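Summary of the model geometry
If you want the building blocks of each chain, they are given just below.
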Amino acid sequence: MYTVEEIKNKVKTGTWTKEDVARCVEELKQISDFTVYTEEIYYISYGIFAYNFREYAYPLIEICREAGVHMERSKEKSRLYLALVRLYFCLGFPPKIVEYGLKYANSGFTLRSPLKSVYNTIVAAFSDCGLFFEADFYLEKMMDISRLDPCDSSVDFWNSDTLNELVYYDSKVYVKLGMGDVAGAEQASVDMQAILTEREIPEDGRAFFLLQKEFTDLYLRLYQQKDKAVIAEEFNNYMKKMEAGEGARDTLSFCVCYFGEFLQVMAEEERWDDIIRIGNYIKNARNFSGSFCPVYKLMRTAACRSDREELRRQIPEFERMYLEALEQEKENYDQMVRLLTREELRIERLKTSMERDALTGCLNRAAFDHNSKRFMKNHKKGSLVFIDLDYLKLINDCYGHENGDRYLVCFAENMKCAMDRQDLLYRYAGDEFLILSALEPEQIQERLNEILEKSPIHFDINGEIRNISFSYGIVAFEEKKGKIADLVKEADQRMYQCKSRNHERISKRGAAE
C-alpha cells in the first residue's frame with residue numbers, strides 16, 4: 001500500500017495512474033479493518049476524482065461504506081463522507097452528492113476549505129437536477145463561511161476568502177441563468193471581473209480564473225445573444241484556443257453538459273465538421289466529466305449529414321462510441337440501483353431496530369411518537385391504554401435487575417399474545433407501557449380485567465410462581481379529539497386512580513406486596 005505522502009505526491013506531480021488506483025483498491029480489499037486506513041482511502045478518492053478514473057469509483061465507494069458502518073462519529077468518519085462526495089461527483093450522481101455532502105457539513109469535524117468545496121459541489125448537484133433555488137441556498141451557505149469566519153491575512157490565495165468569492169460569483173452566473181434571472185447572472189459576472197481587476201491575486205490564481213471566466217461569459221452570451229450563428233462562431237474560436245493548448249489546463253474541470261449545449265447550437269447551424277472536431281477533442285481530454293452520450297450522438301448526426309466522404313466513413317465508429325457510452329451509463333445506472341437498494345434495505349433495518357425496545361422487542365417511545373397519529377387516523381374509534389407494572393422495583397431490589405428484566409420480557413410477550421392483531425404495544429419508559437387499540441374502552445377493559453383476575457400472567461422466580469400485576473388507565477380517542485399528548489396525560493392519571501384498587505385485588509389473591 002502506498003503511504004499517504006506517496007499518494008499525494010503522485011497526484012500532485014501527475015504520475016498517478018489507473019494502475020496505481022487498481023493496486024490500492026486491490027490491497028484495500030485484502031484488509032480486514034479499513035478504519036485504520038481512512039486517510040489513505042481519502043486521498044485515493046481524491047486521485048480518482050482529480051483524474052476522473054470513474055471505473056474505480058464503485059469499488060472505492062463500497063470500501064468507504066464498509067469502513068464507515070461500525071465507526072462512531074469522528075474526524076475519520078467525516079473524512080469518509082468527504083471521500084464519498086467526490087466519488088459520487090465523479091460518477092455524476094446528484095442525490096448521493098447531496099446526501100454525503102450534508103452528512104459531512106453536519107458531522108462536527110469539518111475543515112474550512114473542504115467545507116467550501118462541499119457546499120459548491122452540492123450547488124453543482126442541485127443545478128444538474130434543475131433545482132436552482134436549492135442551489136442558490138447552498139451557494140449562500142458556501143459564502144457564509146467567509147462572511148462569518150474570515151481568513152487570516154497570512155492565508156495563501158488558494159485557501160483565501162478571495163478565492164471563495166471568485167467561486168461564488170462564477171457559480172452564481174450558472175445558478176441565476178437556471179432561475180431565469182439573466183440580469184442577476186450578468187451582475188455576478190461583473191462582480192467576478194471586479195475582483196480579478198481590483199484585488200491582489202497571484203498570477204497563477206488570476207490566470208486560472210480568467211480561463212474559467214472566459215467560458216462562463218461565453219455561456220452567459222448563449223442566453224444573451226439571439227443570433228445562433230454568432231454564438232456558434234464564438235464557441236468554435238474558444239475551442240480552437242483550447243485545442244491549441246492556450247486554455248487546456250488539467251486543473252480546470254468542465255461539465256460536458258454545458259459544452260453539449262453549444263454543440264447543439266452548432267448542429268442548428270449545420271456546422272458538422274466543427275462538431276466532429278470539437279467532439280474528438282472533448283472525448284480525449286480529461287478535463288471533462290458527465291455524460292458523453294449527447295456528444296457522441298451529435299458526432300454521429302454530424303457525420304451522417306456531412307458531405308465529406310471521409311467523415312461519413314466514421315459513422316460506424318461514432319455509432320460504436322455512442323452505444324458503448326449508453327451501455328456504460330446503463331451499467332453505471334444498474335450499479336447505482338444496486339447500491340441504492342442495499343442502502344435502502346440497510347436504512348429500513350436501521351429504522352426497524354431504532355423503533356424497537358432492545359429488551360422486550362416492543363415498539364418504543366420513538367415509534368409511538370412517529371406513528372400514533374397515523375394509527376388514530378386509520379382507526380377513527382379506538383382506545384389508548386397506559387399501563388404501569390406493579391412491584392417491578394420490589395423484584396429488582398429482592399432478586400436483582402436480571403430477574404427484573406425477565407419480569408418485563410415475560411409481561412411483554414404474554415401481553416402481545418393477548419392483544420388483537422391490529423393493536424400495538426409500546427414500551428413507553430421503564431415499567432410503563434402503552435397500547436393503541438381499535439377496541440372500544442369497554443371491550444379492552446374487559447380483556448385487561450380478564451388477564452388480571454381470571455388468566456393472570458405467571459412469572460417463575462426461583463421456583464416460585466408469581467402473578468404479574470399491572471395498573472391501567474383507558475381513554476377513548478374521541479375524548480380528547482385525537483390529541484396525542486392529552487390522551488397520554490389523561491390515561492396516565494386514570495392509571496393512578498386504578499393503582500390502589502388493583503393493589504387491593506392482588507393482595508386478596510396472595511401476591512407479593
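A short tour of the structure in this document, coming up. (Residues numbered from 1 in each chain as written. Predicted model: local features only at pLDDT ≥ 70, side-chain atom pairs only at ≥ 80, totals over all residues. Heavy atoms only, no water.)

Description of the sheet that holds strand 3 (residues 363-364)
- Taken together, five strands build an open sheet; the order of strands is 3-5-6-4-9 and the sheet is mixed. Of all strands in the sheet, those bounded by a partner on one side alone are strand 3 and strand 9 (470-476).
- Summarising the sheet, strand 4 (residues 383-389) and strand 9 pair through seven bridges and their orientation is antiparallel. When the sheet's bridge partners are listed, Asp-388 is paired in strand 9 with Ser-471.
- On top of the sheet, helix 20 (residues 401-418) reaches strand 4, strand 5 (424-429), strand 6 (432-437) and strand 9; it is set at about 150° to strand 4, its chief contact. (Pairing = 2+ DSSP bridges. Helix = DSSP H or I, 4+ residues; strand = E, 2+ residues; numbered from the N terminus. Contact = heavy atoms within 4.5 Å. Axes fitted to C-alpha atoms, helices over the stretch in contact; angles between N-to-C directions.)

Some words on the packing of helix 8 (residues 132-148) against helix 9 (residues 161-178)
- Relative to each other, helix 8 and helix 9 sit at 170°, their axes nearing to 10 Å. Relative to helix 9, helix 8 is oriented roughly antiparallel. As for the relative orientation of helix 8 and helix 9, their crossing is left-handed in sense. Residues Phe-132, Ala-135, Asp-136, Leu-139, Glu-140, Met-142, Met-143, Ser-146 and Arg-147 of helix 8 form the contact with helix 9, whose participating residues are Asp-161, Asn-164, Glu-165, Val-167, Tyr-168, Ser-171, Lys-172, Tyr-174, Val-175 and Gly-178.
- Across the contact of helix 8 with helix 9, the residue classes break down as nine nonpolar, four polar and six charged. (Parallel < 35°, antiparallel > 145°, perpendicular 65-115°, else oblique. Left-handed = near helix turned anticlockwise from the far one by under 90°. Nonpolar A, V, L, I, M, F, W, Y, C, P; charged D, E, K, R; others polar.)

Observations concerning the pairing of strand 5
- Relative to strand 5, strand 3 runs parallel, the two being bridged by two bridges. Following the sheet pairing, Leu-363 is matched in strand 5 by Tyr-426.
- In the sheet, strand 5 pairs with strand 6 via five bridges, with the strands oriented antiparallel. Paired with Arg-427 across the two strands is Phe-433, which belongs to strand 6.

Concerning the packing of helix 11 (residues 203-224) against helix 13 (residues 256-268)
- The contact between helix 11 and helix 13 brings their axes to 11 Å, and the two run at 50°. Taken together, helix 11 and helix 13 sit at an angle that is classed as oblique. The way helix 11 lies across helix 13 gives a crossing that is left-handed. Of helix 13, the residues touching helix 11 (which contributes Phe-215, Leu-218, Tyr-219, Leu-222 and Tyr-223) are Tyr-258, Phe-259, Glu-261, Phe-262 and Val-265.
- Class assignment for the residues of the contact of helix 11 with helix 13 results in nine nonpolar, no polar and one charged.

Section: helix 3 (residues 38-51)
- With 14 residues, helix 3 ought to run about 20 Å at 1.5 Å a step, and its terminal C-alpha atoms sit 20 Å apart, in line with that.
- In the segment just after helix 3, Asn-52 is the residue with positive phi, at about 55°. (Expected span 1.5 Å × (residues − 1).)

Focus on the nonpolar core
- By size, the foremost hydrophobic cluster in this structure holds 112 residues, and its most contacted members are Leu-60, Ile-282 and Phe-288.
- It is helix 5 (residues 75-91) that contributes the most residues to this core, 10 residues altogether.
- Membership of the second largest hydrophobic core comes to 29 residues, among which are Cys-362, Leu-392, Tyr-407 and Ile-461. (Core = buried A, V, L, I, M, F, W, Y, C linked by side-chain atoms within 4.5 Å. Buried < 20%, exposed > 50% of the residue type's maximum accessible area, 1.4 Å probe, protein only.)

Side note on the packing of aromatic side chains
- A complete count under the given rule lists 35 aromatic pairs for this structure.
- Considering the side-chain rings of Phe-157 and Phe-209, the 6.3 Å spacing of their centres and the 85° angle between planes classify their relative orientation as edge-to-face. Placement of Phe-157 in the loop between helix 8 and helix 9 and of Phe-209 in helix 11 is noted, with a sequence separation of 52 residues between them.
- Classification of Phe-209 by relative accessible area gives buried; the value is 3%.
- Taking the centre distance of 5.7 Å and the plane angle of 45° together, the rings of Phe-215 and Tyr-238 count as tilted. Taken together, the residues span a long stretch of sequence, with Phe-215 in helix 11 and Tyr-238 in helix 12 (residues 228-243) at a distance of 23 residues. Each of the two residues, Phe-215 as well as Tyr-238, counts as buried.
- Among the aromatic residues, those joined into a ring-pair cluster are Tyr-174, Phe-215, Tyr-219, Tyr-223, Phe-235, Tyr-238, Tyr-258, Phe-259, Phe-262, Tyr-281 and Phe-288.
- One Lys or Arg, Arg-79, reaches over the ring of Tyr-42 and ends 5.8 Å from the middle of that ring.
- Geometry around Tyr-428 places Arg-365 over its ring, the cationic atom sitting 4.1 Å from the centre. (Phe/Tyr/Trp six-rings, centres within 6.5 Å; stacked < 30°, edge-to-face > 60°. Lys NZ or Arg CZ within 6 Å of the ring centre and 35° of its normal.)

As for the pattern of salt bridges
- Summed over the entire model, instances satisfying the criterion amount to 36 salt bridges.
- A salt bridge links Glu-464 to Arg-466; its shortest N-O distance comes to 3.6 Å.
- Put simply, Asp-136, Glu-140, Asp-144, Arg-147 and Lys-172 are held in one network by salt bridges that share partners. (Salt bridge = Lys/Arg side-chain N within 4 Å of Asp/Glu carboxyl O.)

Considering helix 18 (residues 365-378)
- Between its first and last C-alpha, helix 18 extends 20 Å over 14 residues, near the 20 Å set by a 1.5 Å rise per residue.
- Listed in full, the buried residues belonging to helix 18 are Ala-367, Phe-368, Asn-371, Ser-372, Phe-375 and Met-376.
- Measuring from the side-chain oxygen of the N-cap residue of helix 18 to the backbone nitrogen of Ala-366 gives 3.2 Å; that N-cap residue is Asn-364. (Polar contact = N/O pair within 3.5 Å; in protein donor to acceptor, adjacent residues only side chain to side chain.)

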